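Here is what each chain is made of, one letter per residue.
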Amino acid sequence: MTEASARRGLFFVLSGPAGVGKNSVMNRLREHEPDVHFAVTATTRDPRPGEREGVDYYFKSQAALRGLLERGELLEHATVHGRLYGVPLDPIREALGRGADVFVQVDVQGMRTIRRRIPAAVTLFLYVPKLEDLADRLQQRATESPDELARRLATAVDEIDQLAEFDYAVPNPQGELEQAVADVQAIIRAERRRARPRLAEIDPDDRA
């Protein structure tokens, strides 16, 4: 019997402001943690260059994603800068049911919803220590208008102020992605070795 099949899974939440490198960290974790189930968020926005359907996001129409929401089939959802985002529940139920650990990437608002529905969720806040570096990253993406860029930076400042709500804070300075990934892996190992692991249970009576 493997360690994963001997227990229920753990539930990890990676959050942080736009532009801090959440996608990059998740992509590296997929390479290093093959036994973890990486939940994919669905969104109504268009794909950015290089984003892959079913890996980075599920790209859905407004009607399709609203349908999942109305049926209670989203773990959490949020409207961010006019676009709907949500995490489908079915793949998560299946993964936890077979004892796999689950990792999901959401914004700070989504973390709060997930923690309400899964009190045992392990929450990680990814951040860039220097705000000017975050502004540079967002500008280099060239995916936001000047107004959207200003909104994202203002939101980032507000979200950084919420860091104390999280279990862990992981810095991701420019050029140090591998260290950030190693830090996250160390957290995963530590949580698996807890004497009383925080095993995930989804509250069926509490919807996003």
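Above this text sits the structure in question.
Residues numbered from 1 in each chain as written. Predicted model: local features only at pLDDT ≥ 70, side-chain atom pairs only at ≥ 80, totals over all residues. Heavy atoms only, no water.

Participant: Which residues make up helix H2 (residues 62-70), and what values do they have?
Facilitator: If you check which residues of H2 are buried, you get Leu65, Gly67, Leu68 and Leu69. Where the residues of H2 are buried, they touch strand S3 (42-43), strand S5 (74-80) and strand S6 (83-88). Backbone geometry just after H2 places Gly72 at a positive phi near 70°. (Buried < 20%, exposed > 50% of the residue type's maximum accessible area, 1.4 Å probe, protein only. Helix = DSSP H or I, 4+ residues; strand = E, 2+ residues; numbered from the N terminus. Contact = heavy atoms within 4.5 Å.)

Participant: Any chance you could break down the nonpolar core for me, citing the residues and the numbers?
Facilitator: Ranked by internal contacts, the top residues of the largest apolar core, which has 24 residues, are Phe103, Leu124 and Val184. Elements that contribute at least two residues to this core include exactly strand S1 (11-15), helix H1 (22-32), strand S8 (122-127), helix H5 (131-141), helix H6 (146-160) and helix H7 (177-192). The biggest single contributor to this core is H7, with five residues. The contact partners of Leu124, leaving out residues within four places of it in the chain, are Phe12, Val13, Leu14, Ser15, Phe103, Phe166, Tyr168, Val170, Val184 and Ile187. Counting 21 residues, the second largest nonpolar core, distinct from the first, contains Ala95, Val106, Phe166 and Ala200. (Core = buried A, V, L, I, M, F, W, Y, C linked by side-chain atoms within 4.5 Å.)

Participant: For the sheet that holds strand S2 (residues 37-38), give the residues involved together with the corresponding values.
Facilitator: Read across the sheet, five strands follow the order S2-S7-S1-S8-S9 without closing on themselves; strand pairing throughout is parallel. Each edge of the open sheet carries a strand with a single partner, namely S2 and strand S9 (168-171). Where S1 meets strand S7 (residues 102-105), four bridges bridge the pair, whose relative direction is parallel. Residue pairing in the sheet places Leu14 in a bridge with Gln105 of S7. Along the sheet, H7 contacts S1, S7, S8 and S9; its crossing angle with S9, the most-contacted strand, is approximately 155°. (Pairing = 2+ DSSP bridges. Axes fitted to C-alpha atoms, helices over the stretch in contact; angles between N-to-C directions.)

Participant: Describe the pattern of salt bridges, naming the residues involved and giving the relevant values.
Facilitator: In total, this model carries 14 salt bridges according to the counting rule given. Arg93 is the partner of Glu73 in a salt bridge, and the nearest nitrogen-oxygen pair spans 3.2 Å. Remark: Arg93 occurs in helix H3 (residues 90-97) and Glu73 occurs in the loop between H2 and S5; sequence separation between them is 20 residues. According to the relative accessible area criterion, Arg93 is partly exposed, its value standing at 39%. Linking Glu165 and Arg112 is a salt bridge whose minimum nitrogen-to-oxygen distance equals 3.0 Å. Residue Glu165 is found in the loop between H6 and S9, and its partner Arg112 is found in helix H4 (residues 108-117); the two are separated by 53 residues along the sequence. Overlapping salt bridges bring together Arg115, Asp167, Glu191, Arg194 and Arg198 as one network. (Salt bridge = Lys/Arg side-chain N within 4 Å of Asp/Glu carboxyl O.)

Participant: Quick rundown of the sheet that holds S5? Include the residues and the values.
Facilitator: The strand order S4-S3-S6-S5 describes an open sheet built from four strands, whose pairing is mixed. On the outer flanks of this sheet lie strand S4 (58-59) and S5, each paired with one strand and no other. Sheet analysis places S3 next to S4, joined by two bridges and oriented parallel. For Ala42, the partnering residue across the bridge sits in S4 and is Tyr58.

Participant: An account of the pairing of S5 is needed here, citing residue identities and associated values.
Facilitator: Sheet topology note: the S5/S6 ladder contains five bridges and is antiparallel. Across the sheet, Ala78 pairs through a bridge with Tyr85, a residue of S6. Where S5 folds back on S6, the antiparallel hairpin that results is connected by two residues, among which His81 adopts a positive phi of roughly 50°.

Participant: Account for empty space enclosed by the protein, naming residues and giving values.
Facilitator: Enumeration over the complete set of coordinates arrives at one cavity of 30 Å³ or more. In this structure, the largest cavity occupies an estimated 100 Å³ of space. Around the largest cavity, the lining residues are Asn23, Met26, Asn27, Arg30, Ala39, Val40, Thr41, Val55, Asp56, Tyr57 and Gln105. Ranked by the residues each element gives to the lining of the largest cavity, the list is headed by H1, at four residues. Looking at side-chain class alone, the lining of the largest cavity contains five nonpolar, four polar and two charged residues. (1 Å grid on protein atoms, 1.4 Å probe; cavity = no way out; pocket = protein on both sides within 12 Å on 5 of 7 lines; lining within 4 Å. Points joined across faces, edges and corners; volume = space filled by probe spheres on them. Nonpolar A, V, L, I, M, F, W, Y, C, P; charged D, E, K, R; others polar.)

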